Amino acid sequence: MSEFKIGALVYYKSKAARVDAIGDKDDKIEISILKTTKRVRDKDIKLLHPGPVSDISTLDIELPDPPEALSETLELLEEEAVSLSELSDFLYGEFSPQSAWSSWMLVMDGLYFELLADENAKDAGEDLIKARPQDLIAADKEKRESRIQQQEAWDTLIKCISNGRIEETDYPQLIEVEQLACGERENSRILKAAGIQETKEAAHALLIKLGYWPQEYNPWPRRMGVTMSSPEIAIPEAVETSRRDLQHIQAWAIDDVGNQDPDDAISLEGNRLWVHIADVSSLVIPDSELDIEARSRGTNVYLPDQTIHMLPSGITQQLGLGLQEQNNALSIGFTIGENGEIEDIELCFSLLQVTRTTYDDADKELDSTFIELKSVTDRFHQRRINNNAAMLDLPEVNIRVDNGEISVRPYRQGGSRKIVTEAMLAAGEAVALFAHKNNIPIPYAYQPEPVEIQHPQKMSEHYAYRRCFKASRHTTEPAAHFGLGLPIYTRVTSPIRRYLDLIVHQQLRAFLTQDSQQPQRPLLGHEELVERIGLADEASFAARKAERNSNQHWTMLYLNQYKTKQGEGNGNWQGEAVVVMHDERKTTVILPDLAIEPKLQRQDNTELDQSLTVQVQSVNIPELRAFFRVIN
């Protein structure tokens, strides 16, 4: 016969319930839980009090505060186990539905009491309850209080974050948000609790809002896994090398103002063009500590506010062309025929005297000092044009941050910059031809031909043509670089700042010194070269993306901070925008002064290459987006 009676108080799935009916056929018991009823099996419920309970809602069903008799009860029950009815009498002086329920809740809470697994008690249909040891109670109390304090602190933190204000003492709590903003984790408990989307951009915006990051903080290098410090490795003694004395030839290292990595220079000896490159392989030998470090970095990282070097900066000071009275170099000599073809190639290790100058100063001497160099490189340039080289002419800018001041200056094309560019490209072709002829394994750069060859004239045409190209890649076999208009090419002119250029130098050194008395490393084999290309390309890709997005970041800050006097007030940045593309909803424009390509609401009354005047409406730094409106 069932122990349950109508009106009895029972325990069902952590809730108080009352027995309303007992079935005859299916042995199911009907219980009520506040406003709901259920039919359950007798093993699914536990009898707490025979009742009668008229209404469950009259019970105080929350976990009760400890009764006054708790301490005394704990002392009495240190060695004795009791039933629920006895415990209820100890705690509350009676065994009623309310005292039975309150006592049971204290047992279920598990702090002061525990149920005993007693077979005799089970046979009697009653659980036996025992007081827990005082030391365990005290320890668990302390843990609970600690959790409560932590929860209260957490709730306060989330409330403060939602209100946009926190104390500096709370900053350590935001490390997880910072890690999300930097792409080092995918979620944040804080953002979720505050109802903020768990994205890098939302985390970035919150950190700025809370003052954890200054508005200028640039997360992009860290997001791309870029090491944020230059290497500090001891620089070894240079390898002894027999050198050809070329100090009688005037050599020019022409760079932008402020350039700190002068790794190449040019000379003209009669009709022979010389390209001189800092002899980095004399210091960095394959698989040395310096080489392994450079391989992991892949390239220098040029950010508007700093440069992160691939090699220790001391190497630049030691080998940079024009930084010392005499310079060691790898010199590449060749002639450029009337048809622009590379002829009569020779390579040697050399000793030079180099004069440094800037593009601006060199431009003033195009018709005098550099007139013959211009004539030679123009022939090479024309040959590339004849080979359908992609002479894309889209705006580029130099973004610099000096003492907190952001400057954005467009690059000037042509002039001495063109001379240097063509000379470096010619050197790349010359070395590629030399390496191929002599079976020297090197990383060749190639780029496939687009589906359709175009000859753009207008800015919109240059913009559209650029979208047709795939990125250049590296291979161990010679292949044409369509974008450059060259049948074979390798990057060789920047070994201080690009690891694959350094590999070319190391391979050339191994070949050029193989018959000398000086012990040298052998040429890298195909498998070793492929492995190095893969590692360097991966690191370089991350660095280039960090650079592009960092430039965008500082451009957004420049727009956000920009103020120009307009009468007595201040205004947002405004300038020229050239229409380059329409789609269904948006019009893409290029801002020549900033080299950015924002989208406007579709301008149906405009034509491609039409010039508009636009003004900044707002800037979203975390999302690298600026919003403009047309003002004419």
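Residues numbered from 1 in each chain as written. Predicted model: local features only at pLDDT ≥ 70, side-chain atom pairs only at ≥ 80, totals over all residues. Heavy atoms only, no water.

A. Quick peek at the environment of Lys46. Position of Lys46 among the secondary structure elements: in strand β5 (residues 46-49). A relative accessible area of 24% means that Lys46 is categorised as partly exposed. Along the primary structure Lys46 and Val579 are separated by 533 residues, whereas in three dimensions their C-alpha atoms are 78 Å apart. Leave out the neighbours within four places in its chain, and Lys46 touches Phe4, Leu9, Val10, Tyr11, Trp104 and Asp127. Looking at Lys46, its side chain comes within polar contact range of the side chain of Asp127, at 2.3 Å. (Helix = DSSP H or I, 4+ residues; strand = E, 2+ residues; numbered from the N terminus. Buried < 20%, exposed > 50% of the residue type's maximum accessible area, 1.4 Å probe, protein only. Contact = heavy atoms within 4.5 Å. Polar contact = N/O pair within 3.5 Å; in protein donor to acceptor, adjacent residues only side chain to side chain.)

B. Focus on the pattern of salt bridges. Taken as a whole, this structure holds 30 salt bridges when the rule is applied. Between Glu184 and Arg222 there is a salt bridge; the shortest N-O distance is 2.6 Å. Of this pair, Glu184 sits in the loop between α6 (175-181) and α7 (189-193) while Arg222 is found in helix α9 (residues 220-223), placing the two residues 38 residues apart along the sequence. Ionic pairing is found between Asp501 and Arg498, a salt bridge with its closest N-O pair at 2.8 Å. Residue Arg498 is classed as partly exposed on the basis of its relative accessible area, which comes to 23%. (Salt bridge = Lys/Arg side-chain N within 4 Å of Asp/Glu carboxyl O.)

C. Inspection of the nonpolar core at higher detail. Formed by 44 residues in total, the largest nonpolar core has its most connected members in Ile254, Ile266, Val275, Ile332, Phe334, Ile336 and Leu508. For this core, the element with the most residues is helix α14 (residues 415-437), which contributes 12 residues. Apart from the residues lying within four places of it in its own chain, the contact partners of Val275 are Ala265, Ile266, Leu330, Ser331, Ile332, Phe334, Ala423, Met424, Ala427 and Thr493. If you look at the next biggest cluster of nonpolar residues, it comprises 31 residues, including Leu246, Tyr499, Leu529 and Ala536. (Core = buried A, V, L, I, M, F, W, Y, C linked by side-chain atoms within 4.5 Å.)

D. Highlighting the sheet that holds strand β8 (residues 128-131). Taken in spatial order, the three strands line up as β6-β8-β7 in an open sheet, and their pairing is antiparallel. Strands at the two margins of the open sheet, each flanked by one partner only, are β6 (81-82) and β7 (113-116). Packed on one face of the sheet, helix α3 (residues 97-109) meets β7 and β8 and runs near 85° to β7. (Pairing = 2+ DSSP bridges. Axes fitted to C-alpha atoms, helices over the stretch in contact; angles between N-to-C directions.)

E. Structural context of helix α16 (residues 499-512). Between its terminal C-alpha atoms α16 stretches 20 Å, which fits the 20 Å expected from 14 residues at 1.5 Å a residue. Burial analysis of α16 places 13 of its 14 residues in the buried class, which makes it a mostly covered element. (Expected span 1.5 Å × (residues − 1).)

F. Representation of the side chain of Ser102. As for its position among the elements, Ser102 is in helix α3. Classification of Ser102 as buried rests on a relative accessible area of 7%. Not counting the four nearest positions on each side in its chain, Ser102 is found in contact with Pro64 and Tyr92.

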